[in-house]
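Commentary on secondary and tertiary structure
Now for the letters of each chain:
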Amino acid sequence: MEKEAAKPKRVLIATFYNPEPVLLASTKLAPDKVILLLDKDPDAEQAKALKLIQDSLGKVIEIIPVKMGMYDIVEIATKCVELIDSLDKNDIIYANITAGRKTKAIGLLFACYARHERVRKIAYNPQED
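Residues numbered from 1 in each chain as written. Predicted model: local features only at pLDDT ≥ 70, side-chain atom pairs only at ≥ 80, totals over all residues. Heavy atoms only, no water.

Considerations on the sheet that holds strand E1 (residues 10–15)
Put simply, the rule is: The criterion for strand pairing is that DSSP finds at least two bridges linking the strands in question. Helix and strand labels come from DSSP, where a helix needs a run of H or I of at least four residues and a strand needs a run of E of at least two; each type is numbered from the N terminus. For helices, the fitted line uses only the C-alpha atoms of the stretch in contact; every axis is such a line through C-alpha atoms, and the angle between N-to-C directions lies from 0 to 180 degrees. Contact criterion: two residues are considered in contact whenever any of their non-hydrogen atoms come within 4.5 Å of each other.
Pairing is parallel across the open sheet formed by 5 strands, whose spatial order is E3-E2-E1-E4-E5. Whereas interior strands pair on both sides, the edge strands pair on one side only; in this sheet they are strand E3 (62–68) and strand E5 (119–123). Averaged over all adjacent pairs, the angle separating strand axes in this sheet is 20°, with direction ignored. Taken together, the 5 bridges between E1 and strand E2 (residues 33–39) define a ladder with parallel strand orientation. In the strand pairing of E2, Leu12 is matched with Val34. Of the strands in this sheet, E2 and E3 are in contact with helix H2 (residues 44–56), which crosses E2 at around 170°. Along the sheet face, helix H3 (residues 73–86) touches E1, E2, E3, strand E4 (92–96) and E5 and points at about 150° away from the line of E3.

Structural notes on the state of the cysteines
Working definition: the covalent bond between the sulfur atoms of two cysteines is a disulfide. As a reminder of what qualifies: When two cysteine sulfur atoms lie within 2.5 Å, the pair is treated as a disulfide. Exposure classes here rest on a 1.4 Å probe applied to the protein chains alone. A residue is buried below 20% of its type maximum, exposed above 50%, and partly exposed in between.
Here the structure, examined in full by the defined rule, presents 0 disulfides. With no disulfide of its own, Cys80 lies 7.5 Å from the sulfur of Cys112, the closest cysteine sulfur. Assessed through its relative accessible area of 3%, Cys112 is described here as buried.

Some details on the side chain of Asn96
Topologically, Asn96 is positioned in strand E4. With relative accessibility at 3%, the residue Asn96 sits in the buried group. Ignoring any residue separated from it by four or fewer positions in sequence, one finds Asn96 in contact with Leu12, Ile13, Ala14, Thr15, Pro21, Ala25, Leu108, Ala123 and Asn125.

Quick notes on helix H1 (residues 20–29)
For clarity, the cut-off: Relevant arc is that of directions from the helix axis to the C-beta atoms, nothing else.
Among all positions in H1, only Pro21, Val22, Ala25, Ser26 and Leu29 are buried. Seen from one end, H1 has its buried residues packed into an arc of 130°, which puts them on one side. Turned more than 90 degrees from where H1 packs its buried face, Thr27 and Lys28 sit exposed. Buried-residue contacts for H1 involve E1, E2, H2 and E4.

So, helix H4 (residues 102–114)
For clarity, the cut-off: Multiplying 1.5 Å by the helix residue count minus one yields the expected span of that helix.
A rise of 1.5 Å per residue sets the reference length of H4, with its 13 residues, at 18 Å; its end C-alpha atoms lie 18 Å apart and thus fit the reference within 8%. Within the span of H4, buried status applies to Thr103, Lys104, Ala105, Gly107, Leu108, Ala111 and Cys112. Contacts made by the buried residues of H4 are with E1, E2, E3, H3, E4 and E5.

Here we look at the nonpolar core
For the record, the criterion: In these notes, a set of buried Ala, Val, Leu, Ile, Met, Phe, Trp, Tyr and Cys residues joined through side-chain atoms within 4.5 Å is what counts as a nonpolar core.
Counting 20 residues, the largest nonpolar core has Ile13, Ile35, Leu37, Cys80 and Leu108 as the members making the most contacts within it. Counting residues per element, the ones that place at least two in this core are E1, E2, E3, H3, E4 and H4. Among the elements that make up this core, the one with the highest residue count is H3 (5 residues). Residues in contact with Ile13, not counting those within four places in the same chain, are Ile35, Leu37, Ile84, Leu87, Ile93, Tyr94, Ala95, Asn96 and Leu108. The next biggest cluster of nonpolar side chains, apart from the first, holds 17 residues, and it includes Phe16, Leu36, Ile53 and Ile63.

Okay, here's the thing in structure tokens:
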């Protein structure tokens, strides 16, 4: 009997500071897993936002917080490439660069371009949306 291939998971990798962009993207994309890029030492507001996401979405979606530095774009991009590479090759990967620091958004963007064959879409939602 042949082993059936696992169903691809929808994975959202998102820069993170406040919960709204992640909630919006999760509503539109219906991911199975959300990877949140947090600061190494989250401040009270980021910690509160993470708790809100874990307490709401975390009941139905796997939430994975990943802490990293805030200002070294190469380090951020390298860590994001490693994250993408660690996912199953059949996963459908989306990135959202709306929230958080610009350096994290740039690092995630570089990683997505470095692994462009793995990333389905990169999203940015202006505040007007």
